[in-house]
Amino acid sequence: MDYLADESIAGITYLADRLGKPVLVEGPAGTGKTQLAKSVAEMSGARLIRLQCYEGLDESKALYEWNYKKQLLRIQVESGDEDTSWAEIQDDIFSDEFLLPRPLLEAITADDPVVLLIDEVDRVELETEALLLEILSDYQVSIPELGTIESKQIPLVFLTSNNTRELSEALKRRCLFLHLDYPTIEREKEIVLTKVPDVSDSLADQVARIVRSIRQLELKKHPSVSETLDWARTLVLLGIDRVDEEEAKSTVNILLKYRSDIEKAIKDFSSNSAAHFDGQPAAN
Ligand SMILES: Nc1ncnc2c1ncn2[C@@H]1O[C@H](COP(=O)(O)OP(=O)(O)O)[C@@H](O)[C@H]1O
Ligand SMILES: [Mg+2]
């Protein structure tokens, strides 16, 4: 996939693989944290297993759960048979056949190479974080009815965080740390060029420069790379090859979602009008 990485990303991914350590990727929304894990999976030909975190995520959704429906059906069938004892039924219904693996267990028991993405880990409660930490330390899961399941391999693990809360020191210690920030103008221009069909080089350049300038303002919510891409797509759809101040003003709501932010950007357009909109695209 077309993930545009700088050397630090490539380096840390290599290290993570070598050391068998998870990578904790932190940074503002829309800087490509999720995309990074997806792209690493794709480039290395590994299967991506994703655990999307949310408030209230628990073991039964992260690790495994028993298939109660199927167990109940089996109980109904077997209890009709007078020769079968309850102990036998219990042994039967707490076996592999009735286990529903969730992403963590799936990643640990996989035979093929996998990349495990634990996405937006800052959304789970501390106790769930502790559970994750345990698994990322031992790469094994113990299931009371079945015993301990050990991993066949150490998967490459990416955890992402938008920093909505501070993660535990223990988790941070366990991981290699990668901070993703907004890309440089040059990188963002490249991202636009690879992701937006039919965009011209000069428009991509102009968009990247204007977005960079907007990100330097004091805003409630800075535009992310996804919003840059949306804006570039919109301009292309409108048949614009070089955006002027009026066009920028009338489309800036694609980049910014708060009224006060939009007003600040529009002011910035006026005061930087010459730099952003006049003349030829600046040389790199
Ligand atoms: N370095 C990059 N190379 C290619 N695409 C990128 C890059 N950074 C961000 N993107 C694009 O920006 C969008 C947002 O990325 P995403 O991974 O969802 O961000 P995050 O998970 O950090 O919120 C996606 O469409 C992604 O493809
Ligand atoms: Mg994400």
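A cluster of like negative charges, contributed by D81, E82, D83, E88 and D91, occupies part of the molecular surface. Mapped onto the fold, D81 is located in the loop between α4 (68–79) and α5 (86–93).

Taken domain by domain, the protein chain consists of domain 1 (7–63 + 102–179), domain 2 (68–100) and domain 3 (185–277). Computed from C-alpha coordinates alone, the two centres of domain 1 and domain 2 are separated by 34 Å. Listed by partner, the interface residues are five residues for domain 1 and five residues for domain 2. Both faces combined, the contact of domain 1 with domain 2 buries some 450 Å², and carbon together with sulfur accounts for 70% of it. For the domain 1 face of the interface with domain 2, the top three residues by lost area are R102, E145 and L146, together amounting to 77%. Taken together, the connections running from domain 1 to domain 2 amount to zero salt bridges. Counting every contact that joins domain 1 to domain 2 gives one residue pair in polar contact (both at pLDDT 80 or more). Partitioned by chemical class, the residues of the side of domain 1 that touches domain 2 number three nonpolar, no polar and two charged.

Contact pair α4 / α5: the axes reach a minimum separation of 10 Å and the direction vectors enclose 150°. One element, α4, and the other, α5, form an angle in the roughly antiparallel class. Remark: the crossing between α4 and α5 carries right-handed chirality. Between α4 and α5, the residues in contact are Q71, R74, I75, E78 and S79 and W86, I89, D92 and I93, respectively.

Conventions and cut-offs
- Residues numbered from 1 in each chain as written.
- Chains lettered and ligands numbered in written order.
- Predicted model: local features only at pLDDT ≥ 70, side-chain atom pairs only at ≥ 80, totals over all residues.
- Heavy atoms only, no water.
- Patch = residues over 30% accessible without salt bridge, like charges linked within 9 Å, V, L, I, M, F, W, Y side chains within 5 Å.
- Areas by Shrake-Rupley, 256 points an atom, 1.4 Å probe, with all protein chains shown as cover.
- Salt bridge = Lys/Arg side-chain N within 4 Å of Asp/Glu carboxyl O.
- Lys, Arg positive; Asp, Glu negative; His and termini not counted.
- Charge placed at Lys NZ, Arg CZ, Asp CG, Glu CD.
- Helix = DSSP H or I, 4+ residues; strand = E, 2+ residues; numbered from the N terminus.
- Domains from an automatic or database assignment.
- Contact = heavy atoms within 4.5 Å.
- Buried area = accessible area lost by both parts, 1.4 Å probe.
- Polar contact = N/O pair within 3.5 Å; in protein donor to acceptor, adjacent residues only side chain to side chain.
- Nonpolar A, V, L, I, M, F, W, Y, C, P; charged D, E, K, R; others polar.
- Axes fitted to C-alpha atoms, helices over the stretch in contact; angles between N-to-C directions.
- Parallel < 35°, antiparallel > 145°, perpendicular 65-115°, else oblique.
- Left-handed = near helix turned anticlockwise from the far one by under 90°.

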